[in-house]
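Residue-level structural notes
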Amino acid sequence: MLSRLPDIDSAGKVYPHPSFFETKDRIESVLDQYLTLEKLRARLEDLPVQFENPQPRLWQPIHWQTINQKQVVGIDLKIFLSIIVGAVNTEAPIRGYTQTSRQYLEPIHPQLARFVGGVVAEDGTMLELGLWEKEERQHAPALIKTYIQLTGNKPILSPHAPKSYKPLNNPGDDLYRHGLHRIITEYSAVCLYLRLMAHTTGTLQQVFAELLQDEINHMTKFWGFGIWLFPESYLSRMAGTFGQILTRQHSTQVSHIQPTAHLTRTFHRMMGVLDWNSWSWNHKLELVYTFIRVWHRLWRWSGSLTPEYLQQLFQ
Ligand SMILES: [Fe+2]
Ligand SMILES: [Fe+2]
C-alpha cells in the first residue's frame, strides 16, 4: 500500500491537508488540462465523425487493485464514499436515460438520436447500442469497483427511476425541456468529477480523469447541439437557472417559470443524492467554485459557436 503522497500528480502539487486556495489551484490545473477552448472545440467537431463511424473513447488501463484509501486527499473518507454512492445512483440505470433521450431526439435529429440511444426495432429490441450509452454504461461499474476497492464492501445503492418519454406540445418544445435537463446533468457530472480529481491522487485520480473526459465529451456535444437548435435561449435559460441556484432561491419561488423551476429541482435533487447537506462550508465553496469556473469556460467557448459553424456540424 502506498504510504506516502506524491509531491505532484495530474492535478498539480499535492497537499496532505489542503486549504480552499490550495484545492482551488488543483481545480484550475485540471481545468487547464481538459477544458481549454481547443479541447472543447475538438470534442464537438468530433461529432460528425462519430455519426459516420461511432467509436467509444478508450480508457487508459487502470490497475484497480492499486486503489487505496490514502489516495483520498483532503476530504473525509466517509463523505468521499457517500459522494461515490450518490454518483452511482445518478449514473445508473443508463439504459433508461439513453432511451428517453433517443425518443425526444428522433423527430428532430435522427443522427444524434442514434448516437445517444442506438437503433431500436419496432418491438423494442435493441439492434444497436448508442455511442453515448456505450461510454456511460462504464461509469457506474467503475465507481462501484472503486468503492469496493476502498472499503472491501459493495455499496448500498438506491438508484431512482429515469423519467420516461412523455411528449407534450410539439417535438421541438419537448426536446428543448428534456435537453436542458440532459445538459445540466452532464455539466454537473463534469464539475463533480473535476472536483474529485482535485481531491484524489494516484490510480484513484486516474478513474476520475477518465470519467471527467467522458462527461466533457458528452457535455460539449449536447451543448453545441442545444445552441445550434435553440440559439440564445439555451444560454440565457441555463444562466438564469444557475443564478437562482447560486443565490439559493428554491423552485417554489420561481414556479411561474416552469422549465427553470424544473431545472432547479433537478439540480437540488442531485445535490441531495450527493448528501450535500452534510458537507462542510469549505467543500460547498469548492463545488460552487468549480461550477462557476466550468461555466465560465463553457461561456467563452460558446461565444465561438457561430450559426455557420454549427450548421456545418449538425446539418
Ligand atoms: Fe456518466
Ligand atoms: Fe454523463
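First things first, this report covers the structure right here in the doc. Note that the structure is a prediction, hence the values are computed from the model and not measured.

1. So, the overall build of the chain
Helices and strands together make up the secondary structure of the chain, namely 14 helices and four strands. Of all 315 residues assigned to the chain, the portion counted as buried reaches 37%. Sequence-distant contacts, at least 24 apart, represent 74% of the contacts inside the chain between residues at least 6 apart.

2. Points about unusual backbone geometry
Following Ala-92, the chain continues into Pro-93 via a peptide bond in cis, with omega recorded as -5°. Along the polypeptide, Pro-93 turns up in the loop between helix H4 (77-91) and helix H5 (94-105).

3. Examining the environment of Glu-22
Examined against the element boundaries, Glu-22 turns out to sit in helix H1 (residues 20-34). Considering only alpha carbons, one finds Glu-22 and Ala-198, 176 residues apart in sequence, at a separation of 9.6 Å.

4. Overview of the packing of H4 against helix H8 (residues 139-151)
At a minimum axis separation of 9 Å, H4 and H8 run at an interaxial angle of 155°. Here H4 lies roughly antiparallel to H8, going by the angle between them. Every pair of crossing elements has a handedness; the one defined by H4 and H8 is left-handed. Facing H4, whose interface residues are Leu-81, Ile-84, Ala-87, Val-88 and Glu-91, H8 presents His-139, Ala-140, Leu-143, Ile-144, Thr-146, Tyr-147, Leu-150 and Thr-151. When its residues are assigned to classes, the contact of H4 with H8 shows nine nonpolar, three polar and one charged.

5. So, the environment of Val-14
Position of Val-14 among the secondary structure elements: in the loop between strand E2 (12-13) and H1. Using a count of 19 C-beta atoms within 10 Å as the deciding quantity, one classes Val-14 as partly exposed. The contact partners of Val-14, leaving out residues within four places of it in the chain, are Leu-5, Pro-6, Asp-7, Ile-8, Asp-9, Val-73 and Thr-201.

Reading the values: rules and limits
- Residues numbered from 1 in each chain as written.
- Chains lettered and ligands numbered in written order.
- Predicted model: local features only at pLDDT ≥ 70, side-chain atom pairs only at ≥ 80, totals over all residues.
- Helix = DSSP H or I, 4+ residues; strand = E, 2+ residues; numbered from the N terminus.
- Buried ≥ 20, exposed ≤ 12 C-beta atoms within 10 Å, placed from the backbone.
- Contact = placed C-beta atoms within 7 Å.
- Axes fitted to C-alpha atoms, helices over the stretch in contact; angles between N-to-C directions.
- Parallel < 35°, antiparallel > 145°, perpendicular 65-115°, else oblique.
- Left-handed = near helix turned anticlockwise from the far one by under 90°.
- Nonpolar A, V, L, I, M, F, W, Y, C, P; charged D, E, K, R; others polar.

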